[in-house]
Amino acid sequence: KMGFAAGVTPLTFNHYVKSLRKLGVPFAHGEIGTGSGRPVRYSFNHMMELSLALTLRIYGTLPDPVLEGLVRSRYDLYALYRRAYLEYATGLGTPVQITAKDRAVFEMRGVYLDLHIRFGGGRAFEFGPPRLLSPFEALRVFARLDTPGRAHLPLNLSSLAIALVQCAENAPP
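Source: prediction; values computed, not measured. The numbers attached to residues start from 1 for each chain and follow its sequence in the written order. Restriction of local features to residues with pLDDT of at least 70 applies here, the model being predicted, together with a cutoff of 80 or more for giving and counting side-chain atom pairs; totals for whole chains, interfaces and linings are based on all residues. Computation of side-chain values covers all heavy atoms of the structure but excludes hydrogens and water.

Re helix α5 (residues 135–143)
And then number 1: Looking only at α5, the buried set comprises P135, A138 and V141. The buried side chains of α5 occupy one side of the element, clustering within an arc of 125° when seen end-on. Buried residues are those whose accessible area, probed at 1.4 Å on protein chains only, stays under 20% of the maximum for their type, while exposed residues exceed 50% and partly exposed ones sit between those limits. Starting at the N terminus, helices and strands are each numbered in turn, a helix being any DSSP run of H or I of at least four residues and a strand any DSSP run of E of at least two. The directions from the helix axis to the C-beta atoms form the arc being described.

Structure (structure tokens):
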């Protein structure tokens, strides 16, 4: 429903999710209920981590330093996921209106996540620390982007959290 499996068979997508689990996303190694053959219970944090990893596959691959960064920053990110959901249109996520002469006004809202991912020489070499940005700060990061190695711009984490919760509410039992 969120488009993560677009263009691949369900078998391929399930294999990819299983391979992420073997690498520690979204469950820590040895976490309760993650043994072979056992049904797994995904929490909001687990689903957000998995959704973030799948979102970061925008170029078809998730580089090891990024995957390792997600695992290393897991508990810091948990608090950011909750804040992004709760402050979609308030607090840090308060909407801002963008205007320009002779252009339509548009609005940005939500809490954005900047993972500080840097690429060089065809590979990711830097991750983090993760930080949350307001819509204005996210736009400023985008507008001032003068580093060609900065491939991943701030991600609207609130939108990801809202979509995830909506899918969960409509999931079969």
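Now that the structure has been shown, we can carry on.
Things to note about the nonpolar core
Nonpolar side chains in soluble globular proteins tend to be buried together.
And then number 1: If you look at the biggest cluster of nonpolar residues, it comprises 32 residues, and the most contacted ones within it are L20, L56, L62, L113, L115 and L157.
And then number 2: Counting only elements with at least two residues in this core, the list comes to α1 (10–22), α2 (44–55), α3 (64–72), α4 (74–86) and α6 (157–169).
And then number 3: For L115, the residues in contact, after removing those within four places along its chain, are L52, L56, L77, F127, G128 and P130. Here, nonpolar core refers to any group of buried Ala, Val, Leu, Ile, Met, Phe, Trp, Tyr and Cys residues whose side-chain atoms link them within 4.5 Å. Two residues qualify as a contact provided that any one of their heavy atoms is within 4.5 Å of a heavy atom in the partner residue.

A closer look at the packing of aromatic side chains
And then number 1: Between the rings of Phe, Tyr and Trp (Trp by its six-membered ring), a pair exists once the centres lie within 6.5 Å; its type follows the angle of the planes, with under 30 degrees stacked, over 60 edge-to-face, and the other angles tilted. Tallying each qualifying case throughout the model produces 4 aromatic pairs.
And then number 2: Each ring, one from F44 and one from Y85, has its centre 6.1 Å from the other, and the planes form 65°; the classification is edge-to-face. Placement of F44 in helix α2 and of Y85 in helix α4 is noted, with a sequence separation of 41 residues between them.
And then number 3: For F44, a relative accessible area of 28% translates into the label partly exposed.
And then number 4: Summarising the aromatic geometry, the rings of Y78 and Y81 are spaced 6.3 Å apart at their centres and angled 45° between planes, so their arrangement reads as tilted. Remark: Y81 and Y78 occur in helix α4; sequence separation between them is 3 residues, near one turn of the helix. For the residue pair Y78 and Y81, the accessibility class agrees, reading buried in each case.
And then number 5: Members of the aromatic cluster, each reached through a chain of ring pairs, are Y75, Y78 and Y81.
And then number 6: Over a ring means this: the NZ of a Lys or the CZ of an Arg is within 6 Å of the ring centre and within 35 degrees of the ring normal. Between R57 and the ring centre of Y16, over which it is positioned, the NZ or CZ distance is 3.9 Å.

Some remarks on the packing of α2 against α6
And then number 1: Fitted lines through C-alpha atoms serve as axes, helices being fitted only where they are in contact, and the angles separating the N-to-C directions of these axes extend from 0 to 180 degrees. It is at 10 Å that the axes of α2 and α6 come closest, and there the two elements cross at 120°. Compared by their axis directions, α2 and α6 come out oblique. Crossing geometry of α2 relative to α6 is assigned as right-handed. The segment α2 lies against α6, with F44, M47, M48, S51, L52 and T55 engaging L157, L160, A161, L164 and V165. Throughout, the term roughly parallel applies to angles under 35 degrees, roughly antiparallel to angles over 145, roughly perpendicular to angles from 65 to 115, and oblique to all others. Handedness of a helix crossing follows the sense of rotation of the near helix relative to the far helix, less than a right angle counterclockwise being left-handed and clockwise being right-handed.

Describing the pattern of salt bridges
And then number 1: Salt bridges, as used here, are contacts in which a Lys or Arg side-chain nitrogen is within 4 Å of a carboxyl oxygen on Asp or Glu. What the rule picks out here adds up to 3 salt bridges.
And then number 2: Notably, a salt bridge pairs R74 with E49, separated by 2.6 Å at the nearest N-O pair. Residue R74 is found in helix α4, and its partner E49 is found in helix α2; the two are separated by 25 residues along the sequence.
And then number 3: Residues E87 and R83 are paired through a salt bridge, measuring 2.9 Å at the closest nitrogen-oxygen approach.

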